[in-house]
Amino acid sequence: KNGKDMFREIDRDGSGFIDPQELKEIATRLGNPLDDKQLKELFRTIDTDKNGKISADEFVAWINAEQSKNDVKRYLHATATVIFEEIDTDQSGFLDKAELKAVTVRLGEDFTDKEIKKIFREMDTDKDGKISLQEFIAWMDKENDKTGFRKLLASNMQDNNMQGAWLDEKTPKGVTIKRKYTNSGSFLG
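Residues numbered from 1 in each chain as written. Predicted model: local features only at pLDDT ≥ 70, side-chain atom pairs only at ≥ 80, totals over all residues. Heavy atoms only, no water.

### A look at the nonpolar core
Judged by nonpolar contacts, the single largest core of 21 residues is most densely connected at Ile-87, Leu-100, Met-123, Phe-136, Trp-139, Phe-149 and Leu-153. Sorting the residues of this core by element identifies α4 (56–87), α5 (97–106), α6 (113–123), α7 (133–141) and α8 (149–159) as the ones contributing at least two each. Counting residues in hydrophobic clusters, the runner-up holds 14 residues, among them Leu-23, Ala-27, Leu-39 and Phe-43. (Core = buried A, V, L, I, M, F, W, Y, C linked by side-chain atoms within 4.5 Å. Buried < 20%, exposed > 50% of the residue type's maximum accessible area, 1.4 Å probe, protein only. Helix = DSSP H or I, 4+ residues; strand = E, 2+ residues; numbered from the N terminus.)

So this is what it looks like as structure tokens:
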């Protein structure tokens, strides 16, 4: 359905506008009931002209923006998955400290053991001694990056446009790396 069709469904009284009660009803019907505070916040976000009612144009603009945000989030999660698979050299489905250390070396950096432990603690939110894909994606979604590790990973993916063997392009002088396939099918130095 397009945004205008959705708008007509939500506008139960046919007034040409969505009021707070109609917004609350659709949220509940979609399985995401909103408390009063959440409702007011969402309503204010969509009601860009602040006239107390949501027009079809405001609703469609909001839907399009939300879809764009979701598309961006899906892309970033796909990127994080590729990075995870590249780092997971033993293909265990989890990352360990040795794999984190190895990827810093492959990218031409050499993080200290203390920095690696700090990064690992940030990622390993369930404290089971290994980093799952879900933990890695959640960590990549965070904004703070005191160690610079997230920026290092993301910038190398962007530089190489996710075109396969991005980890074997930046190695410290004198380091020879054997190539092998990763889970994603690309080469890993």
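### A short note on α4
Across its 32 residues, α4 extends 46 Å between first and last C-alpha, which sits within 8% of the 46 Å expected from 1.5 Å per residue. Taken residue by residue, α4 has Ala-56, Glu-58, Phe-59, Val-60, Ile-63, Thr-79, Ala-80, Ile-83, Phe-84, Glu-86 and Ile-87 as its buried positions. (Expected span 1.5 Å × (residues − 1).)

### Description of the packing of aromatic side chains
Scanning the entire structure with this criterion turns up 6 aromatic pairs. For the pair Phe-7 and Phe-59, a centre-to-centre distance of 6.1 Å together with 55 degrees between the ring planes defines the contact as tilted. Residue Phe-7 is located in helix α1 (residues 3–10), and its partner Phe-59 is located in helix α4; the two are separated by 52 residues in the primary sequence. Looking at Phe-7, the relative accessible area reads 5%, which means it is buried. Its relative accessible area of 3% is what places Phe-59 among the buried residues. With a centroid separation of 6.0 Å and an interplanar angle of 35 degrees, the aromatic rings of Phe-136 and Trp-139 are classed as tilted. On the criterion of helical spacing, the pair formed by Phe-136 and Trp-139 is a turn pair, its members being 3 residues apart in helix α7. The same class applies to Phe-136 as to Trp-139, namely buried. In this structure an aromatic cluster arises from ring pairing among Phe-84, Phe-111, Phe-136, Trp-139 and Phe-149. The ring of Trp-139 carries the charged tip of Arg-150 above its face, separated from the ring centre by 4.2 Å. (Phe/Tyr/Trp six-rings, centres within 6.5 Å; stacked < 30°, edge-to-face > 60°. Lys NZ or Arg CZ within 6 Å of the ring centre and 35° of its normal.)

### Re the pattern of salt bridges
All told, the structure shown has 6 salt bridges when counted by the stated rule. In this structure, Arg-8 engages Asp-5 in a salt bridge whose closest nitrogen and oxygen atoms are separated by 2.6 Å. With Arg-8 and Asp-5 both in helix α1 and 3 residues apart, the pair spans about one turn of that helix. A relative accessible area of 31% means that Asp-5 is categorised as partly exposed. With a closest N to O distance of 2.7 Å, Glu-66 and Lys-69 form a salt bridge. Taken together, the residues span about one helical turn, with Glu-66 and Lys-69 both in helix α4 at a distance of 3 residues. (Salt bridge = Lys/Arg side-chain N within 4 Å of Asp/Glu carboxyl O.)

### Digging into unusual backbone geometry
Trans peptide bonds make up most of the peptide bonds, and negative phi angles are found at most residues other than glycine. Of note, Gln-91 is a non-glycine position whose phi angle comes to about 55 degrees, a positive value. Checked against the element boundaries, Gln-91 lands in the loop between α4 and α5. Residues other than glycine seldom take positive phi values, yet Lys-127 does so here, at roughly 55 degrees. Along the chain, the position of Lys-127 falls in the loop between α6 and α7. Given the relative accessible area of 57%, Lys-127 is considered exposed.

### Things to note about a positive patch on the surface
On the surface, Lys-97, Lys-114, Lys-117, Lys-118, Arg-121, Lys-127, Lys-142 and Lys-146 cluster together into a positively charged patch. A total of 4 residues in the positive patch trace back to one element, the largest contributor, which is α6. The class for Lys-142 is partly exposed, based on a relative accessible area of 39%. (Patch = residues over 30% accessible without salt bridge, like charges linked within 9 Å, V, L, I, M, F, W, Y side chains within 5 Å. Areas by Shrake-Rupley, 256 points an atom, 1.4 Å probe, with all protein chains shown as cover. Lys, Arg positive; Asp, Glu negative; His and termini not counted. Charge placed at Lys NZ, Arg CZ, Asp CG, Glu CD.)

### Description of the environment of Ile-87
Locating Ile-87 in the fold gives a position in helix α4. Take Ile-87: its relative accessible area is 0%, and that puts it in the buried class. Residues Ile-87 and Leu-153, 66 residues apart in the sequence, show an inter-C-alpha distance of 10.0 Å.

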